[in-house]
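One letter stands for each residue in the lines below.
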Amino acid sequence: MMTVDNIFENLNKLTHEDGQREYLAVLFTHVNEETNGIIDNQKNSYDRQRVFIQKIMKEIDDLSKEVIRDDTILISVKNQKLLRTSYQLVTSLGITPSLIPGLGINLSKRCTSSTMLPRLLLNDEQKYEMLTECANFFSRSYKIPVLKSIIISLHLSDYLAALIQLAFAPLKKPGTYTNFAMTEDRYKTLMIDRQKYVQIYEHLVYNCFQPTLMKELLVLQSVKDPAPPTFIRKIIAKEMSRRLLVPGGLLSLIRCFIESYSIDTGFEWKKVDMISKIVTSKHGSGTEENYLDNICNQIMQILSLNNTHYIRTATACALSLKQKYPESIQVNILIKEIFNVFDYDYLVSKSNLPGTILLSSQEIEHKVNVLYASLCTTRLDCSSSLLLPNLYVLFLLGINNTKNEELAVKLKDIILKSLEQLNKNEIILLIQKFLFGKNDALILIEEYDAGLVLKYVTSQKEYPKEDTIIYFLNILKASSEDRFVQCVFEISLELLIEINLKRQTKPNQDLLSLEDDVILLDNIDAKYSIVLQLLSEISTLPKIISSLKTNPVVVLHFIEHFIVENQDSSNDECITIALILLNTILSNSNKTKELDKTLNGLIPVLKAMSVKTASYNNILCEEAISLLTSKDVIKSETEFGKAMTDVFDDLLPVRTHGVIALTKLIEANDPETISKKYYLFCLFQEYLKDSDSYVYLYAINGIASLGTYCTEDVLHVLCREFLEISCDNNLQDKANQNKVAEMRMKIGDIIVKVIKKLGDMAIVYKTLLLNTVLCGCRDDDPLIRTSALSNLAEIALMLHYKIGSIIYEVLHCIWCILETDKAVECRRAAVMVIGSLLKGLGKEVLIELKETLLPIYRTLKSLYRDNNEDQVLRLHAQLALEELNDIVKEFLFPEVKLNKKIFVLDSNT
C-alpha cells in the first residue's frame, strides 16, 4: 500500500523534475510538428499532455483513498502548497485550453509568462475528452475536505466554468457538418453526460458557500476580451436570480459585494447602489407579489442581525423598493418595521393592559442600532414622514438613559439627524412635545441595570421638564446645521410671545373661591418658564449671534412685544432677553433705513425704563440708548466703569490693575459685571495675546473667574492655552523656557480650580479634561509631565473616579511613564496617581480594572522591592500596595456588625 509520504514525493517529482521534462517534451513535439507543417495532427502532443495530467490525478486520487481510509491524516503546510501547485497544473493544462472562448478566466490574465509559451491547439473531441476528465477529477476531489478547500479558494470559477460548458452548452443535432459529423450514438452519449453534469452542477451550487459562489459567478459574467457567449450570460443571470430567492440569498449577495469592507477604505457606496438596483428588479418566474414578499422577508432577517454593514445595505434596499413599489403592502410593512418602530401611536396600540412591557431593553437597543445604522452612518435620504413619528419616544429614551453611554450617543445622533431634515412647521409641533410632553401620555420609560424598558401605563408620572431642557440644549449645541439652530431660535421667540399672551388672558387668581385649591404654578406658567429658560440659553449661542448680524429682523417683533407693549413686572426676564438681543443687533448688525426707523422708535421707551432702578435692566437700557444715539451717556461712576477705564489705559500697570479689578468683581457676583460676561470673556482672550507674562496670567485668572457663568467656553480656552502656549523661538535661554513652563503649570492649577468650583457638574467635561492632561503627560518638559500627572489625580478625584473606559488609556499612559521616563519626578508622580486611583475607586477597582489589576500589583511590588530605586518612589509604591491590600481584605472579609435590635412593647398592647 502506498503511503502518504510516497504520494507527495511522486507529486513533487511530477510538478518539478519529471514534470518539467515531460511538459518540455510536449512543447518541443508541438513545435517540431508546426515546423514540419503538420499543424492539424497533434495527437502525439495531446497524448503526452493528457498522460502527464493523468499522472497528477492518479496521485491525488490515491491520496483521497488514504484520507478516506484514515481521517486522522494531517497534511503539512508544505504538502498543501504542493497540492495547490498540482491543481494549478491540472487547471492550466486541462480545463483552461478546453473552454469555449469567453468562458472562464484566461490563463494570460493569471500568469504573464503564459503568453510566451506555445499554445497547444486541440480539436473539439480532444477538448471534450480533456474537460470531462478534469471535471470528473474535481468532482471526486470535492468530496475530500482538504481538497475541497483548495478548489473553493483557488479554482471554483474554473470548476464552475467546466460544469457550465458540459451541462448547458448547446449541442448540434445529429447530422454532418463542416469537418464534423454528429452521429445518433454520439448525440445520445453527450445527452447522458449532460444529465450527469447537470446533477453535479446543481449539487455544487446548492451546497457551496453562497457568497463565494455568487462572487465567482459574477467573475465569470464580467469576463472581457472576448465576452461570454449569450447562453452563458443567461445561465449565470438565471443562477444569480435563483441564488437570490433562496433563504439567505440576499445576505449572500450582500456579503459577496461588501465582505471586503474595511474601516480604512470606507463603506463602498457604489456596491450598495448596485445591490439596491439588483433587488428592485424582479427575479424568478413567480409573480411580483411573491417576489416582494420573499425579498422583504429576507431584509427583515438581515435587520435582526447586529452587523452594521448588512443593516445599512438592507435599509438601502428597502428604500429603493419603496421608491419603485410605493403601493406594495409588503414593502410598506417593511418600511414601518425599520423606520416607525418607536411610533407612539403604534406602541400604544400594542396593548391596553397597565404594566405591559411594550419594548424590552434588548429590543430597544437593537431597534436603536437599526435606526442608527440607517440614518447616521449612511448617505441615504429618508423622508421626514418616516422619521417624525419616532422622535417623541426617542427623545424620552434619551432623557431617561443615564447608564449606557453608547446608547446615549446613538440616540442623540438619530434625533439630531432627523430634526435637521424637518421643516419649520414639523419642528414647531415637535418642540412643543419635547418641552411640554403629551397630555395623554400612556407610556412610561424605566431604567434598570440591564437597560431601558418601555411600558404601557394608564397614569403618567410628572413630565421631567428640567431634564428635558438640558437634553434638548445638548442636542441643539451639537448641531452643525445653521438652518436648524436658527429655526429653533425663531420658534422659541414665537412660543414665548404666544404663551405670554395666554398668561395675560388667564383668569385672575384672586377671583377663585376660597374652597378652590391654591395653584402655585399652573400649566401656562410652567410652559412660560420652560421656554424662557430655553431662549435664554439659545440667545447666547455663537451661531445665533452671527446670524443676527445678517438677519436682525427675526427678533424685532419679540423686542417690540416685550419692550413696547408688555412692560409688566412679571415679564422682567423676557424684557432682559429682549434688551440683550437689542444690544446684540445694535452692536453687530448692518443697519438699514427700515431697521433704524424701527429701532429709533424705541428710544423714548428705553429712556423711561432706564430711570427705573428697581431691576438691573436699566443698565441694559442705557447701553442700548448709547448704541442708538451714538453718543456717550453719562453714567454713574460704578466699580465696573472704573475697572473698564483702567483696562484700556496706555500704562501697563494700570491695565493690569483693571484686569485684576474685573476679576474681583466677577468673583463678587457684581450684577453689572455679570451682565457683560461674554464681552469680558472676549476681552480677556485678547489680553492672552499680550507679551507681558503678568498680564497674561491675570487674564487667565479672569477667564477662570467666568467659569461659573460660561463654563464650556472657559474650559476650552484654558485647555487650549495649556496645550498650545510655547516659548518664543527667539528666546532660547533657559530662564525663558522655565518661565513658560511655570506659566503652563499655573494654567493647569487654574483648570483644577475651575473644576473644583463646578463640583459634580465637572463630569460633563470629563473627555475634554482627561484629553488635555493626558496630552500634557507626553510633553517634552519633565516639569510639565509631572504637573499634568498631579492634575490628573486631582481631576479624577473631582470626577469621583467615574472615568469609565478611559481608565485603561490613563493606565497605559502611566505605564509608559514608569517604564520609559528618565525623570524621577515623573515616575514618582505616576506611582502617586496609581495610588490615588486605587484609593478613590475602593472596592470598584476589582470591577473596573479586572485583568489589569494583576500587572499593576506586580509592577508596584517590583518597584517597592528594588533597593536601587528612588526612595520616594518606593514609598509611594508601598502606600499604593497597602491601599490595594486594604481593598482586597475589605472585599474578602467584610466587617460584620453584630447588632441586635431590642423592642420594648407597651404592656397595654
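What counts as what
- Residues numbered from 1 in each chain as written.
- Predicted model: local features only at pLDDT ≥ 70, side-chain atom pairs only at ≥ 80, totals over all residues.
- Heavy atoms only, no water.
- Phe/Tyr/Trp six-rings, centres within 6.5 Å; stacked < 30°, edge-to-face > 60°.
- Buried < 20%, exposed > 50% of the residue type's maximum accessible area, 1.4 Å probe, protein only.
- Helix = DSSP H or I, 4+ residues; strand = E, 2+ residues; numbered from the N terminus.
- Lys NZ or Arg CZ within 6 Å of the ring centre and 35° of its normal.
- pLDDT = per-residue confidence, 0-100.
- Contact = heavy atoms within 4.5 Å.
- Pairing = 2+ DSSP bridges.
- Axes fitted to C-alpha atoms, helices over the stretch in contact; angles between N-to-C directions.
- Core = buried A, V, L, I, M, F, W, Y, C linked by side-chain atoms within 4.5 Å.

Undergrad: How do you make sense of the packing of aromatic side chains when you look at a structure like this?
TA: The geometry of an aromatic ring pair comes down to the distance between the two centres and the angle between the two planes. Here the structure, examined in full by the defined rule, presents 10 aromatic pairs. Their ring planes at 90° and their centres at 5.9 Å tell us that F137 and F138 sit as a pair that is edge-to-face. Classification of F137 as buried rests on a relative accessible area of 0%. What makes F138 buried here is its relative accessible area of 0%. Residues Y142 and Y159 carry aromatic rings whose centres are separated by 6.1 Å and whose planes lie at 45° to one another, so their mutual orientation is tilted. One end of the pair, Y142, is in the loop between α6 (124-141) and α7 (145-154); the other, Y159, is in helix α8 (residues 156-168), with 17 residues separating them in the sequence. The class for Y159 is buried, based on a relative accessible area of 2%. Put simply, the rings of Y87, F137, F138, Y142 and Y159 pair up and form one aromatic cluster. The cationic tip of R243 hangs over the ring face of Y206; the distance from NZ or CZ to the ring centre is 4.5 Å.

Undergrad: What is the right way to look at the confidence of the model for the chain in this model?
TA: Fine structural detail should not be taken from predicted coordinates in areas where pLDDT scores are low. Residues with a pLDDT of 70 or more make up 81% of the chain, whose mean pLDDT is 78. Here residues 33-41 scores under 50 on pLDDT; set against residues more than four positions off or in separate chains, the count is 7 contacts. Every residue in residues 631-636 is under pLDDT 50, and counting partners more than four places away or in other chains gives 5 contacts.

Undergrad: Sorry if this is basic, but what is going on with the environment of Y698 here?
TA: Within the fold, Y698 resides in helix α36 (residues 693-705). Remark: the alpha-carbon pair of Y698 and I660, spanning 38 residues in sequence, is separated by 6.5 Å. With near-sequence residues (within four places) excluded, Y698 lies in contact with T656, V659, I660 and T663.

Undergrad: Honestly, the sheet that holds strand β5 (residues 451-456) in this entry has me stumped. Any pointers?
TA: Strand pairing in a sheet relies on backbone hydrogen bonds. The paired strands run either parallel or antiparallel. What the 3 strands build is an open sheet, ordered β3-β5-β4; its pairing is antiparallel. Each edge of the sheet is formed by a strand with only one pairing partner; in this case those strands are β3 (357-359) and β4 (443-448). Taking each pair of neighbouring strands and ignoring which way they run, the sheet shows an average axis angle of 40°. Here β4 pairs with β5 via 6 bridges, running antiparallel. Considered in β5, the bridge of L444 is made with K455. Contacts from helix α20 (residues 391-400) reach β4 and β5, with the element oriented near 30° to β4.

Undergrad: So what exactly am I meant to see when it comes to the nonpolar core here?
TA: Soluble, globular proteins show a tendency: their nonpolar side chains are buried together. Within the largest apolar cluster, 187 residues are counted, with the highest numbers of intra-cluster contacts made by F339, F558, L582 and L606. Of the residues forming this core, the biggest block, 11 residues, is contributed by helix α24 (residues 482-505). Here L582 is in contact with I559, I563, L599, L602, L606 and A624, once residues within four sequence places are set aside. Within the second largest apolar cluster, 74 residues are counted, among which are L662, I666, Y687 and V831.

Undergrad: Mind showing me how you'd approach the side chain of T280 here?
TA: Position of T280 relative to the elements: it lies in helix α13 (residues 269-280). Once residues lying within four places of it in the same chain are set aside, the contact partners of T280 are S320, L321, K324 and Y325.

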